[in-house]
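Understanding the architecture of this molecule
Spelled out from the first residue to the last, the chains are:
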Amino acid sequence: MFKHLKPVSGDPLLALIIAHKQDTNPKKIDLGVGVYKDDNGNTPILNTVKKAEAILLEQEDSKSYLGIYGATEFEAIIKDLILGEGNPLIASGRIRSTQTPGGTGALKVAADFISANLKDARLWVSDPTWGNHKSIFDSAGVEVKDYPYYDPETNGLRFDDMMAKLEAEVKEGDVLLLHACCHNPTGIDLQLDHWKVLTDFVNKRGLLPLVDAAYQGFGDGLDEDLAGLRHMAANVQDMLIANSFSKNFGIYRERCGGLSVIAASADEANAAFSIIGQAIRANYSMPPAHGAAVVYTIMSNPELKAEWELEVAAMRDRINGLREKLVAKLAASGVSKDFSFIKDQRGMFSYSGLTLEQVRTLRSEYSIYIADTGRMSVAGVSDSNIDYLCESIAKVVG
Ligand code: PLP
């Protein structure tokens with residue numbers, strides 16, 4: 001049966017992780033993997049998560065099925081976090097939210113929902129975008145198209161080009177995927193004014209925005225990071241939002257995220273939500289419970305919630321502090337290229353502007369592991385490796 005099958009090449013980032021693991025150079029640095037790391041290179045469990053797990057160990061009294069949407073009380077947590085408590089959309093009933101297995105699960109359910117119900121809709125993604133966006137929508141049978149986003153000349157955003165291509169090529173009913181904040185892989189975000197332009201455009205051209213919020217809290221703040229998303233949500237009729245709790249609660253392997261649908265009326269939102277429920281049932285029946293139970297335990301306890309906000313702020317401040325240090329140390333190392341754009345980027349990642357050749361030399365001669373695209377995971381930088389990193393980049397870039 002399987003004789004004809006040829007192995008497919010795996011994710012190049014996973015190959016990078018393996019190569020780093022096998023490297024015996026004590027100075028090796030892993031800037032490939034997309035998880036938060038502390039100054040010791042560890043991905044720690046948050047204190048609030050440990051505390052919530054202790055509470056759950058004591059209080060949880062059943063492992064019975066929960067239902068396709070997960071824990072019912074979790075719906076309010078998702079809405080409060082992404083829209084902000086007291087957002088009038090919540091009371092209007094025009095938004096419904098379900099727990100999903102991570103942000104990836106949310107995107108997969110959204111893809112199935114779009115494929116089955118919004119016939120002929122195409123999905124527009126930024127060039128570049130997170131690699132899995134294309135895979136998820138391709139596999140659901142949704143045609144994926146891209147719009148210009150990153151400008152290698154300026155290491156900035158090509159907003160005019162983005163709008164020009166969208167203006168020329170979108171069709172009514174197409175889906176526009178936007179990263180809420182901390183764009184993966186570039187670190188270059190849309191600003192509020194861009195969101196305003198895009199909101200008008202979505203309304204004018206009859207598009208469905210799908211906003212992927214995987215890094216809330218990692219840019220400028222839990223509320224600040226979603227200001228654009230919230231502006232759009234307040235001013236469009238329909239919208240989908242896929243969010244992830246993997247990064248901001250550090251519960252990557254627990255697989256916890258959310259999918260929200262906003263519609264013209266509460267009735268329409270409920271109808272769409274019931275169809276989303278069908279897609280969930282056919283995919284994985286129901287989401288895993290533990291991650292959501294942890295998030296719920298933290299968010300429903302004012303003391304734990306306040307402590308968690310500080311923990312998110314600490315992760316954010318560390319990354320933003322590293323950006324400042326990188327820029328200063330690269331400049332001090334006498335490198336010919338201006339890297340000051342790194343401090344304007346946000347989130348876990350930075351498109352460094354390093355060429356493929358430079359990335360390969362850094363890997364082979366200095367044991368510094370950066371993705372072929374030049375994407376660096378900033379959280380992999382630490383006080384103990386930053387000098388070696390900057391000196392090596394200066395030697396390779398010249
Ligand atoms: N969306 C983007 C842009 C991401 O970078 C990621 C994870 O890397 C996800 C979604 C999915 O996250 P999760 O691990 O919760 O599935």
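The name given to the chain in an unreviewed UniProt entry is Aspartate aminotransferase/aromatic-amino-acid transaminase, with the source organism recorded as Marinomonas alcarazii. Annotation of the chain in UniProt includes, under Subunit (unreviewed entry), the sentence "Homodimer." According to its UniProt record, the chain has this under Cofactor (unreviewed entry): "pyridoxal 5'-phosphate".

Take the overall build of the chain next. For the chain, the helix and strand inventory stands at 14 helices and 13 strands. The globule rule puts the C-alpha radius of gyration for 398 residues at 21 Å, and the 21 Å found for the chain is close to it. The principal-axis extent of the C-alpha atoms belonging to the chain is close to 60 × 60 × 55 Å. Every one of the 398 residues in the chain was classed for burial, and the buried ones make up 44%.

Judged by how many residues are buried, strand E2 (residues 95–100) sits mostly within the fold: six of six residues are covered. Strand direction decides the pairing type here: E2 and strand E10 (residues 257–262), joined by six bridges, are antiparallel. Within E10, the residue paired with Gln-99 across the bridge is Gly-258.

Through backbone hydrogen bonds, the strands of a sheet pair up, either in parallel or in antiparallel fashion. In spatial order, the strands read E2-E10-E9-E8-E7-E3-E4; together these seven strands make up an open sheet with mixed pairing. Edge positions in the open sheet fall to E2 and strand E4 (144–148), since each of these has one partner strand only. With strand direction ignored, the average angle separating the axes of adjacent strands in the sheet is 25 degrees. Where helix H7 (residues 159–169) meets the sheet, it contacts strand E3 (123–127) and E4, and its direction lies at approximately 140 degrees from that of E4.

A few words now on the site of the ligand. As a structural note, the neighbourhood of the ligand is formed by 13 residues, with Gly-102, Gly-103, Thr-104, Ser-244 and Ser-246 the closest of them. Ranked by residue count, the leading element in the shell around the ligand is helix H5 (residues 102–117), at three residues.

This part is about unusual backbone geometry. If a residue is not glycine, its phi is most likely negative; likewise, a peptide bond is most likely trans. Of note, the amide linkage connecting Asp-127 to Pro-128 takes the cis form, showing an omega dihedral of 5 degrees. Along the chain, Pro-128 turns up in the loop between E3 and helix H6 (131–139). Residue Pro-185 follows Asn-184 across a cis peptide bond; omega there is 20 degrees. Structurally, Pro-185 can be placed in the loop between strand E7 (175–179) and helix H8 (192–205).

It is worth spelling out the packing of helix H12 (residues 302–332) against helix H14 (residues 386–397) at this point. It is the contact of H12 with H14, at a shortest axis distance of 9 Å, that shows an interaxial angle of 50 degrees. It follows that H12 is oblique to H14 by the angle criterion. Considering only the axes of H12 and H14, their crossing is right-handed. In this structure, H12 uses Lys-325, Leu-326, Lys-329 and Leu-330 to contact H14, whose residues at the interface are Ile-386, Asp-387, Cys-390, Ile-393 and Ala-394. Taken together, the residues of the contact of H12 with H14 sort by class into six nonpolar, no polar and three charged.

Right, let's talk about the nonpolar core for a bit. Soluble, globular proteins show a tendency: their nonpolar side chains are buried together. Counting 110 residues, the largest nonpolar core has Ala-110 and Val-295 as its most contacted members. Looking at this core, you find at least three residues from each of domain 1 (12–44 + 314–397) and domain 2 (65–300). Residue contacts for Ala-110: discarding those within four places in its chain leaves Leu-210, Leu-240, Ala-242 and Leu-259.

It is worth spelling out the packing of helix H13 (residues 356–366) against H14 at this point. In contact at an axis separation of 10 Å, H13 and H14 are set at 125 degrees when each is read in the N-to-C sense. Classed by the angle they form, the pair H13 and H14 counts as oblique. In this structure, H13 crosses over H14, and the sense of that crossing is right-handed. Across the interface between the two elements, Gln-358, Thr-361, Leu-362 and Tyr-366 of H13 pack against Ser-392, Val-396 and Val-397 of H14. Counted by class, the contact of H13 with H14 contains four nonpolar, three polar and no charged residues.

With respect to the helices and strands, Ile-241 occurs in strand E9 (residues 239–244). Residues in contact with Ile-241, not counting those within four places in the same chain, are Ile-82, Val-211, Ala-213, Leu-229 and Ser-260.

Conventions used here
- The residue numbers shown here count from 1 along each chain, following its written sequence.
- Only residues with pLDDT of at least 70 get local features here, since the model is predicted, and only at 80 or more are side-chain atom pairs given and counted; chain-wide, interface and lining totals rely on the full set of residues.
- UniProt positions are given in the numbering used here, feature names are shortened, and annotations may be inferred rather than shown by experiment.
- Numbering of helices and strands runs from the N terminus, with a helix taken as a DSSP run of H or I at least four residues long and a strand as a DSSP run of E at least two residues long.
- Note on method: radius of gyration uses C-alpha positions; expected globular size equals 2.2 Å times residues raised to 0.38.
- We call a residue exposed when 12 or fewer other C-beta atoms sit within 10 Å of its C-beta, buried when the count reaches 20 or more, and partly exposed for counts in between; the C-beta positions come from the backbone.
- Note on pairing: DSSP must find at least two bridges between two strands before they are called paired.
- What counts as an axis is a line fitted to C-alpha atoms, over the stretch in contact for a helix, and the angles between N-to-C directions run from 0 to 180 degrees.
- Working definition of a contact: two residues with C-beta atoms, positioned from the backbone, lying within 7 Å.
- What makes a residue near a molecule or strand is its C-beta atom, placed from the backbone, lying within 6 Å of it.
- Any angle that is under 35 degrees is reported as roughly parallel, and any over 145 degrees as roughly antiparallel; angles of 65 to 115 degrees are reported as roughly perpendicular and all others as oblique.
- By convention the crossing between two helices is left-handed if the near helix lies anticlockwise of the far one by an angle smaller than a right angle, and right-handed if it lies clockwise.
- Just so you know the grouping, Ala, Val, Leu, Ile, Met, Phe, Trp, Tyr, Cys and Pro go in nonpolar, Asp, Glu, Lys and Arg go in charged, and all remaining residues, Gly too, go in polar.
- Take the buried Ala, Val, Leu, Ile, Met, Phe, Trp, Tyr and Cys residues, join any whose C-beta atoms are within 7 Å, and the set you get is a nonpolar core.
- What fixes the domain bounds is an automatic or database domain assignment.

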